[in-house]
Amino acid sequence: MLAIASGLRSRYSVGIITDNKKDRIDTLKRLHDLPRLFDPIVVSSEVGIGKDNPEIFLGALRVLRVKPEECIFIDNSQANLIAPEAIGMKTIYFDDEKQDFKAFLADLQSHGAIAGNA
């Protein structure tokens, strides 16, 4: 997933909206150098808003200066796709247990984020 994000980063703004706890995301930031790949990194516990509230997505959109319809939000919980869909973001469910990257890349392609031969 980090390699995919790195590839997308050359053409798009790529951010994270996470409900991980602050200490866990801080560890992941250091371990994987996440700030190099993602900006913004929005942590729900830091902003006091969960992914069930459209405002967490609207805040990220303001930072990126983009419209909801220009974004794709990816999550491993279908419940977390409800709020971004409600404000007009495209969404992709990624089943992290199956790790089906072929299907994931096809979803990105269907949304125009990657070329057909990626």
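One can find the structure itself at the top, above this paragraph.
Residues numbered from 1 in each chain as written. Predicted model: local features only at pLDDT ≥ 70, side-chain atom pairs only at ≥ 80, totals over all residues. Heavy atoms only, no water.

Visitor: I would appreciate a short explanation of the environment of I17 in the present structure.
Guide: Looking at the element boundaries, I17 is found in strand β1 (residues 16-18). Since its relative accessible area comes to 13%, I17 is described here as buried. For the pair formed by I17 and E55, sequence separation is 38 residues and the distance between their alpha carbons is 11 Å. (Helix = DSSP H or I, 4+ residues; strand = E, 2+ residues; numbered from the N terminus. Buried < 20%, exposed > 50% of the residue type's maximum accessible area, 1.4 Å probe, protein only.)

Visitor: Could you clarify how one ought to interpret the packing of aromatic side chains in this entry?
Guide: Any pair of aromatic rings gets described here by the distance separating the centres and the angle formed by the planes. Evaluation of the coordinates by the stated rule reveals three aromatic pairs. Centre to centre, the rings of F57 and F73 are 4.9 Å apart; their planes meet at 80 degrees, and the pair counts as edge-to-face. Of the two residues, F57 sits in helix α5 (residues 54-64) while F73 sits in strand β3 (residues 72-75), which places them 16 residues apart along the sequence. Each of the two residues, F57 as well as F73, counts as buried. (Phe/Tyr/Trp six-rings, centres within 6.5 Å; stacked < 30°, edge-to-face > 60°.)

Visitor: It is not clear to me how unusual backbone geometry should be interpreted in this structure. Could you clarify?
Guide: Of all residues except glycine, most have a negative phi; of all peptide bonds, most are trans. Residue D39 is joined to P40 through a cis peptide bond whose omega torsion reads 15 degrees. Looking at where P40 falls in the secondary structure, it is placed in the loop between α3 (34-37) and β2 (41-43).

Visitor: Hey, could you run me through helix α1 (residues 2-9) in this one?
Guide: An α-helix turns once every 3.6 residues. As a result, residues three or four positions apart point the same way. For α1, the complete set of buried residues consists of I4, A5 and L8. When α1 is viewed along its axis, its buried side chains cluster within an angular range of 100 degrees and face the same direction. Where α1 is buried, its residues contact α7 (101-110). (Arc of directions from axis to C-beta. Contact = heavy atoms within 4.5 Å.)

Visitor: Before we go on, may I ask you to explain the nonpolar core in this structure?
Guide: In a soluble, globular protein the nonpolar side chains are often hidden away together inside. Judged by nonpolar contacts, the single largest core of 17 residues is most densely connected at L8, L34, F38, I41, F104 and L108. For this core, the elements supplying multiple residues, two or more each, are α1, α3, β2 and α7. The element best represented in this core is α1, accounting for three residues. Dropping the residues within four chain positions of it, I41 is found in contact with I16, I25, K29, L34 and P35. (Core = buried A, V, L, I, M, F, W, Y, C linked by side-chain atoms within 4.5 Å.)

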